[in-house]
Amino acid sequence: MLNTQTKNAPFKYSLLATLLAVSLAGCSGSDGDDGMDGMDGMDGADGQDGTPALTTGTFLRANNGDENRGTVDWIDQDGDMLSSFETGANEGIVLSSSGTLYQAGDSGEPMLGAFCRIAGREDGMMMSSVDSQIMGANTGLTNPKGIALADDSGMIYVADFNAMRIAVFGSAAAGDVAPVAEIMLPAQPWDVAVDENADRMYVALTDGTIAVYDNVMGSDFAPSVMRIIVPSDASGTQISVNSHGIVYDADSDRLVVSDVGDASVADDGQIFVINNASTADGAVEPARTIAGPSTMLGNPVDIILSGTTLRVAEKSNDAILVYTNIFSGDSGDIAPTLSTSSVKPESLAEMTDMPEMADFSDQALADVTIGGVSASSNPATAGDTTGMVVQFDASLGSQTAMFDTGMSIESVAYSVNGDGFVTYDDPETAMGGLLVVNRMASMRDDGMFSLSQDREIMGDMTGLVAPKGLDVNSEHALVFVADVNETTPAVRVFSGCAAGNVMPVMTLTASDGARPWDVDYDAETDRAFLALTNGTVAVFDEVTRKMMSGTSEITGEDRLLIPAMNGEAISAPTNIHGIDYDAQSDALVISDVGSADSATDGKLYVIPDAGMADGLTDMTVNIAGPSSMLGNPVDIMLSNGNVYVAEKSNGMILRFDDIMNAASGDMAPDYSVSFTAPESVAVLPEYLW
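Residues numbered from 1 in each chain as written. Predicted model: local features only at pLDDT ≥ 70, side-chain atom pairs only at ≥ 80, totals over all residues. Heavy atoms only, no water.

Asker: Can you walk me through the side chain of R288 in this structure?
Answerer: Of note, R288 is situated in strand β21 (residues 288-291). The buried charged residue R288 lacks any salt bridge, with D330 as its nearest oppositely charged partner at 7.1 Å. Only 2.9 Å separates the side chain of R288 from the backbone oxygen of D330, close enough to count as a polar contact. Those residues in contact with R288 that lie beyond four places of it in its chain are I271, F272, V273, N325, I326, S328, G329, D330, S331 and I334. (Helix = DSSP H or I, 4+ residues; strand = E, 2+ residues; numbered from the N terminus. Buried < 20%, exposed > 50% of the residue type's maximum accessible area, 1.4 Å probe, protein only. Lys, Arg positive; Asp, Glu negative; His and termini not counted. Salt bridge = Lys/Arg side-chain N within 4 Å of Asp/Glu carboxyl O. Polar contact = N/O pair within 3.5 Å; in protein donor to acceptor, adjacent residues only side chain to side chain. Contact = heavy atoms within 4.5 Å.)

Asker: Even after reading the chapter, I still don't get the sheet that holds strand β53 (residues 652-656), so can you show me in this structure?
Answerer: Within a sheet, neighbouring strands are paired by backbone hydrogen bonds and run either parallel or antiparallel to one another. Taken together, 4 strands build an open sheet; the order of strands is β51-β52-β53-β54 and the sheet is antiparallel. In the strand order of this sheet, the two ends are held by β51 (633-639) and β54 (671-674), each with one partner. Neighbour-to-neighbour, the strand axes of this sheet turn through a mean angle of 15°, independent of strand direction. Direction of pairing for β51 relative to strand β52 (residues 642-647): antiparallel, over a ladder of 6 bridges. When the bridges of β52 are listed, S639 appears paired with N642. (Pairing = 2+ DSSP bridges. Axes fitted to C-alpha atoms, helices over the stretch in contact; angles between N-to-C directions.)

Asker: What should I look at first to understand the sheet that holds strand β17 (residues 243-249) in this one?
Answerer: Reading across from one edge, β17-β18-β19-β21 is the order of the 4 strands in this open sheet, with antiparallel pairing throughout. Single-partner strands in this sheet number two, and they are β17 and β21. On average, each strand axis in the sheet is inclined to that of its neighbour by 15°, with strand direction left out of account. Two strands pair when backbone bridges link them, and strand β18 (residues 254-259) and strand β19 (residues 270-274) are joined in this way by 5 bridges, in the antiparallel orientation.

Asker: What should I look at first to understand the pattern of salt bridges in this one?
Answerer: Note that side chains of opposite charge can pair when their charged atoms are close. All chains considered together, the criterion is met by 21 salt bridges. One salt bridge connects D73 with R61, and the closest N-O pair in it is separated by 2.8 Å. One end of the pair, D73, is in strand β3 (residues 71-76); the other, R61, is in strand β2 (residues 58-63), and 12 residues separate them in sequence. Overall, the relative accessible area of 6% leaves R61 in the buried class. When the shortest N-O distance is used, the salt bridge between D454 and R444 registers 2.9 Å. With a gap of 10 residues between them, D454 in the loop between β34 (447-448) and β35 (455-458) and R444 in the loop between β33 (431-437) and β34 connect regions that are remote in the sequence. Judged by relative accessible area, which is 7%, R444 ranks as buried. Here the residues in one salt-bridge network are E91, D106 and K145, joined through shared partners.

Asker: When you look at the state of the cysteines in this model, what are you seeing that I'm missing?
Answerer: One covalent bond between the sulfur atoms of two cysteine residues makes up a disulfide. Under the counting rule described, the total for this entry stands at 1 disulfide. The disulfide bridge from C116 ends at C497, spanning 2.2 Å between sulfur atoms. Linking C116 and C497, the disulfide has an S-S dihedral of approximately 75° and is accordingly described as right-handed. In this pair, C116 sits in the loop between β7 (111-115) and β8 (132-135) while C497 sits in the loop between β38 (490-495) and β39 (506-509), placing the two residues 381 residues apart along the sequence. What makes C497 buried here is its relative accessible area of 8%. (Disulfide = S-S within 2.5 Å.)

Asker: Teacher, can you tell me more about unusual backbone geometry here?
Answerer: Glycine aside, the phi torsion of most residues is negative, and most peptide linkages are trans. With an omega dihedral of 0°, the bond running from A572 to P573 counts as a cis peptide bond. Looking at where P573 falls in the secondary structure, it is placed in the loop between β45 (568-569) and β46 (576-582). Even without being glycine, M164 reaches a positive phi, approximately 50°. Relative to the helices and strands, M164 resides in the loop between β10 (155-160) and β11 (165-170). Taking relative accessible area as the criterion, M164 reaches 30% and is therefore assigned partly exposed. Here D253, not a glycine, exhibits a phi torsion of approximately 55°, which is positive. When you line up the elements, D253 lands in the loop between β17 and β18. Owing to a relative accessible area of 16%, D253 belongs among the buried residues under this scheme.

Asker: I'm lost on the nonpolar core in this one. Help?
Answerer: In summary, soluble globular proteins display a tendency toward joint burial of nonpolar side chains. In terms of nonpolar packing, the biggest core is built from 34 residues, with F392, L396, Y414, V422, M440, Y644 and I653 touching the most fellow members. Sorting the residues of this core by element identifies β28 (370-377), β29 (388-392), β31 (412-414), β32 (420-426), β33, β51, β52 and β55 (678-685) as the ones contributing at least two each. Broken down by element, this core gets its largest block of residues, 4 residues, from β55. Those residues in contact with M440, other than ones at most four positions away along the chain, are V389, Q391, F403, V412, Y414, G418, D419, G420 and V422. Formed by 20 residues, the second largest nonpolar core is a distinct cluster that contains A148, M201, A211 and Y213. (Core = buried A, V, L, I, M, F, W, Y, C linked by side-chain atoms within 4.5 Å.)

Asker: What's the story with the environment of S278 in this structure? I'm lost.
Answerer: Mapped onto the elements, S278 comes out in the loop between β19 and β20 (282-284). Put simply, S278 and L255 are 23 residues apart on the chain and 8.9 Å apart in space, counted from C-alpha to C-alpha. Contact partners of S278, with chain neighbours within four places excluded, come to R200, Y202, R227, Y248 and D253.

Asker: I would appreciate a short explanation of the pairing of β28 in the present structure.
Answerer: Consecutive side chains of a regular strand alternate in pointing toward one face of the sheet and then the other. Most of β28 is tucked away, with 7 of its 8 residues classed as buried. Judged from the 7 bridges that link them, β28 and β55 form a sheet pairing that is antiparallel. Paired with S376 across the bridge in β55 is S680. Strand direction decides the pairing type here: β28 and β29, joined by 4 bridges, are antiparallel. Opposite S374, over in β29, you have Q391 as the bridge partner.

Structure (structure tokens):
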């Protein structure tokens, strides 16, 4: 329905390994059966037509037939199926930049599903607890059809057919929740396209027209400007009947719209190309119209663009149709470049090159521009900053943003798309949980937690009692949560798409009942480092490899690292809290709060060769003393070689520069800012804005 638009983030791109089995058969022309070899992909003389030379690619196809309803297939550029999995949904699909598939469904209870790490789905895999759904009476959904994702803001636009509206939900929402907003329409919609940069929305209406709304988010989803584009002939007579699929090409400012005509007729479909779409209004003669028996267009229910190549889900004639160079050429009865048999296709999406998902927390020494520094507040007695997450500039000179979770919270970490993951615990219920806040890093200044945009993971099945520090791994869509409770201390790992009362997908339990306060998972080495309150660090190897092979619980670390000086363990009191590992230097930076009752005995350590260290391990940097202002340094994060510290007892966010090469002793921080009872600190990249 809509090709997802994303920011130009500074990622290295590569095709995901799970898709390397894509067929290459369609990369050049085939020979005719009896003719001479064709050149440059042309047909052989007197032979049958060869397969057209289409750019190699991988696509998703949602199905909606009697036998295949609720399934989604991977197909190659020629429409040949690679694998299939079950979602239980049957309508429009869209793929996010982080690899989550969103799909609408109306074959049962109306819903919008989120399916995590879709590229890693095995053939035949079904929806599970790692996924989530928006469903229920509060959603107001009746017949959700096409959907569009505004990836920067994390908003999903749903064309709700019988409700005659566009319903807008946050991409992190789940459960029986009301939409963020609804935009009422003059006719029943089938599909929607969003130009997020221009803040404009295009809606394909089943009366054959296209509704255009300007200033959508800027008006808080109450746009006052609406235009109607009516595809018409040269005399101004409407030629469109029943608009369905719609896609917008921002580079050329063109719309492509499919029209199914009479849904009961299998040969009256049309394709329209509309120029100057951003300003078009009223009767508009399409720049190109494709219709007629040779087109095979009957019910073209969905379309997607790959450059100038248009793919069509042709439902009544059971085919995927491909039209190359859709923006050029004559109008008329034009045969498709390629037609592939496909039983009742409903929607299409393209799998583009995905980012390698290098989380900012794993780029400790990389030279990356910082957009801000986030800190959560957790005072012992409720006050004005309780539940607040604020942002400062990189040099801690000024506060730039603020978000209110509406409850007492612990730590905050972020995914690569800017979603915030927030731990909390409730002493009255002896139960903790995790908030997932849609685009918290970039789009929620002066905002509050809202179930229309955000969701919660909590309940007895989660095992969460007293969660503290956490780490997000976007590549595998996992959240590592350190639970320090006395009875069942462990790091509990959850799917980044999960919601509600769900079990962790894996649990890491340190030996001898040791309690973790924080955790750092390093994707490059597949290791998890647990900061233990007994003053040691537990190291777990091959974490996700074991998880993907079926292991759900690991008891006992592979190695136990004991911080030392000159071969002697650090003397008590020692209480490791913050932790950050850098694979490039193989160094570990940790903070030690010492006695929680003392505001002067905190320390920062740098431990070299930490990946394979075992037992007593000498540090190379040890910062402590009154000038350091370290009392209870409860959390840290490395960025650009500098370490940011949440210093709770002294109410400060501190920055120590070039920490790997810093001198030991009573060293003052290079930058600092006052902040009430900071519990966590996270550095945010500029590309999120």
